[in-house]
Structure formats: C-alpha cells, structure tokens
Amino acid sequence: QVQLVESGGGLVQPGGSLRLSCAASGSIFSIAAMGWYRQAPGKQRELVAQITRIGSTNYAASVKGRFTISRDNAKNTVYLQMDSLRPEDTAVYCCYADRPGTLGYWGQGTQVTVSS
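The structure presented is a predicted model; accordingly, all values stated were derived computationally and were not measured. (Residues numbered from 1 in each chain as written. Predicted model: local features only at pLDDT ≥ 70, side-chain atom pairs only at ≥ 80, totals over all residues. Heavy atoms only, no water.)

Focus on the pattern of salt bridges
Counting across every chain of the model gives 3 salt bridges. Between Arg38 and Glu46 there is a salt bridge whose closest N-O contact spans 2.6 Å. Looking at Arg38, the relative accessible area reads 6%, which means it is buried. Counted as one network, the salt bridges with shared partners bring together Arg38, Glu46, Arg66 and Asp89. (Salt bridge = Lys/Arg side-chain N within 4 Å of Asp/Glu carboxyl O. Buried < 20%, exposed > 50% of the residue type's maximum accessible area, 1.4 Å probe, protein only.)

Here it is as structure tokens:
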C-alpha cells in the first residue's frame, strides 16, 4: 500500500504563493507517477500537475507558468509550488499516486483558499 500525507494548504491573498507537499510512504517503489488534482464546489475534479518516475511533467493549461511540480526522491516527497494565485485556484487539492495494477492512491486533501 501507499500512504500520502499532504501539507501546505491555507489562506492566501490573490497574487500570493503557497507550496504544497505530499510525502509518500509504503510501496513507493511501485509508484509510476504522482500528481495533484483539485476540486472546487460545483466543479469537476481536474488534474493540476503530474510528474512521472522519470521526471516528465504535465500541467493544466490554467496553471502553466504559475505552478511548478517537483520532487525530492530522498524524502519521497512531491511538491507543488503555486505562484500568482488567483481566486479561481481556490479548491481542495489532493495528491495522487499512480501505482500500476491498482486504482491509485489519494491523499486526504488540503484546502487552498485564495481571497482578499
């Protein structure tokens, strides 16, 4: 199994920054990719960013140039650096781990609120 522990959410003003962290434990050797999803009330869940085992990254068009996903393999941790935050970025952000042969794993979610 894989356990994901997220941190870093909070309240920030428009234009501000936050850095989310997702620490993975368990069968981490089986993880093919990790990413961040978000879901706001009344909206579909969307993929924000992902990073594969080999380091390839992918971003939603709405966050390109503002968000950066990275990883620290020694700490088994993935980060999402969020800059130039906008009110529309307000959502629950969940870390996801893709493990072949499973349905994947999810973190508990962390609330990000961008408001004046």
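There is more to say, and it comes next.
Examining the pairing of strand β5 (residues 46-52)
The pairing of strand β4 (residues 33-39) with β5 spans 6 bridges and is classified as antiparallel. Across the sheet, the residue bridging to Gly35 is Gln50, located in β5. In textbook terms, the turn of a hairpin is the stretch between consecutive antiparallel strands, and for β4 and β5 this stretch comprises 6 residues, one of which, Gly42, has a positive phi near 80°. Alignment of β5 against strand β6 (residues 57-59), held across 3 bridges, turns out to be antiparallel. The partner of Ile51 across the bridge, within β6, is Thr57. Between β5 and β6, which pair antiparallel and follow one another directly, the connecting turn spans 4 residues, one of which, Gly55, has a positive phi of 100°. (Pairing = 2+ DSSP bridges. Helix = DSSP H or I, 4+ residues; strand = E, 2+ residues; numbered from the N terminus.)

Things to note about the environment of Asp89
Locating Asp89 in the fold gives a position in the loop between β8 (77-82) and β9 (91-98). Note on Asp89: relative accessible area 1%, which makes it buried. In this structure, the C-alpha to C-alpha distance between Asp89 and Gln39, residues 50 residues apart in sequence, is 9.4 Å. Asp89 has contacts with Arg38, Arg66, Phe67, Ser84, Val112 and Val114, leaving out every residue within four places of it along the chain. Side chain to side chain, Asp89 and Arg38 meet in a polar contact 2.9 Å long. (Contact = heavy atoms within 4.5 Å. Polar contact = N/O pair within 3.5 Å; in protein donor to acceptor, adjacent residues only side chain to side chain.)

No statement about biological role is implied by the geometric values presented.
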